[in-house]
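# Notes for the structure review
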Amino acid sequence: SGARYRGGDFVTIYLAPRDYHRVHLPMTGQLVATTALPGELFSVNATTARTVPGLFCRNERLVCEFETAAGGMLVILVGALIVASIETVWGGPVSPYRSRQDNNWNLTFKRGAEIGRFLLGSTVIVVTEPGRLALSPDLVEGRTVRMGTAIGAITG
């Protein structure tokens with residue numbers, strides 16, 4: 001439930017068209033559920049993010065819920081303008097989503113494992129339960145995050 005993550009930490013990672021478009025899991029976890037949510041396909045660049053209210057809640061997205069050593073973690077793949085589709089390595093629902101699709105899973109992925117990809121750029125949002133992750137002090141707006149870059153450390 002969303003209440004589990006209320007007050008938790010989150011990181012928003014924007015993928016520009018020039019960036020690497022594969023999504024890797026930041027920590028080992030078991031995929032327990034996904035929710036595919038249909039929506040708009042607004043651009044997700046900084047200007048649009050500032051001017052379109054609720055942008056990341058309005059665009060098409062795939063919410064992936066994992067159980068990890070740090071508790072629950074959401075990895076949310078957000079579609080965007082020109083993104084032909086969101087793909088997952090487990091063959092999850094096919095994008096674009098025409099209706100809400102809820103699925104249960106029991107799949108384990110190691111830290112760094114590829115879990116999905118965009119067929120162009122978009123955004124990934126990682127959300128953890130409150131008090132479970134200390135975000136890296138080096139993680140500041142506009143910083144480039146590459147595969148293997150630490151975004152935080154498990155605290156509890």
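Below or above, wherever it landed, is the structure these notes cover. (Residues numbered from 1 in each chain as written. Predicted model: local features only at pLDDT ≥ 70, side-chain atom pairs only at ≥ 80, totals over all residues. Heavy atoms only, no water.)

### Some details on the packing of aromatic side chains
Filter applied, for reference: Only the six-membered ring of Trp is used, alongside the rings of Phe and Tyr, when aromatic pairs are assigned; centres must lie within 6.5 Å, and planes under 30 degrees apart are stacked while those over 60 apart are edge-to-face, with the rest tilted. The numbering of helices and of strands both runs from the N terminus, where a helix is a DSSP run of H or I of at least 4 residues and a strand a run of E of at least 2.
For the structure shown, the criterion picks out three aromatic pairs. Relative to Phe-109, the ring of Phe-66 has its centre 6.4 Å away and its plane inclined at 75°; by these criteria the two rings are edge-to-face. Taken together, the positions of Phe-66 in strand S4 (residues 61–68) and Phe-109 in strand S7 (residues 101–109) put the pair 43 residues apart, joining distant regions of the chain. One aromatic cluster is present, formed by Phe-66, Trp-90, Trp-105 and Phe-109 through successive ring pairs.

### Thoughts on the layout of surface pockets
This is how it is decided: Points on a 1 Å grid, built from protein atoms alone, make a cavity when a 1.4 Å probe fits but cannot get out and make a pocket when they are open with protein on both sides within 12 Å along at least 5 of 7 lines; residues with an atom within 4 Å of a point are the lining residues. Grid points are joined across faces, edges and corners, and a volume is the space filled by probe spheres set on the points.
If you add up the space inside the largest pocket, you get close to 1,400 Å³. Secondary-structure elements contributing two or more residues to the lining of the largest pocket are strand S1 (10–14), strand S2 (22–24), helix H1 (46–51), strand S5 (71–78), strand S9 (123–128) and strand S11 (152–154). Broken down by element, the residue count for the lining of the largest pocket peaks at five residues, all from S1. One number sums up the size of the second largest pocket: a volume of about 490 Å³. Gly-2, Val-63, Leu-74, Ile-76 and Val-127 are the residues nearest the centre of the second largest pocket, which is lined by 21 residues in total.

### Quick notes on the sheet that holds S4
Convention followed: Two strands pair under a simple rule: DSSP has to find at least two bridges between them. To define axes, lines are fitted to C-alpha atoms, for helices over the stretch in contact only, and angles between the resulting N-to-C directions are given on a 0 to 180 degree scale.
Taken in spatial order, the six strands of this open sheet run S1-S9-S5-S4-S3-S7, and their pairing is antiparallel. Among the strands making up the open sheet, the edge pair consists of S1 and S7. Looking at each pair of strands side by side, their axes are set apart by 15° on average, direction ignored. With seven bridges connecting them, strand S3 (residues 29–37) and S7 associate as antiparallel partners.

### Quick look at the sheet that holds strand S8 (residues 114–118)
Sheet strands associate in pairs through backbone hydrogen bonding, adopting either a parallel or an antiparallel arrangement. Taken together, three strands build an open sheet; the order of strands is S2-S8-S6 and the sheet is antiparallel. The strands lining the two open edges of the sheet, one partner per strand, are S2 and strand S6 (86–88). When the angles between neighbouring strand axes are averaged without regard to direction, this sheet yields 25°. Relative to S8, S2 is paired through three bridges, and the arrangement is antiparallel. Residue Val-23 lies in a different strand from S8, and its bridge partner there is Gly-116.

### Structural notes on the pattern of salt bridges
What counts here: What counts as a salt bridge is simple: a side-chain nitrogen of Lys or Arg found within 4 Å of a carboxyl oxygen of Asp or Glu. The buried label applies to any residue whose accessible area, calculated with a 1.4 Å probe on protein chains only, is under 20% of its type's maximum; exposed applies above 50%, and partly exposed to all values in between.
Following the criterion strictly, the structure yields eight salt bridges and no others. Arg-4 is the salt-bridge partner of Glu-67, the closest N and O atoms lying 2.7 Å from each other. Of this pair, Glu-67 sits in strand S4 while Arg-4 sits in the segment before S1, placing them 63 residues apart in sequence. A residue is classified by how much of its surface remains accessible, and Glu-67, at 29% relative accessible area, is partly exposed. Of the charged contacts in the structure, one is a salt bridge between Arg-22 and Glu-114, with a shortest N-O distance of 2.9 Å. You can see Arg-22 sitting in strand S2 and its partner Glu-114 sitting in strand S8, a full 92 residues away along the chain.

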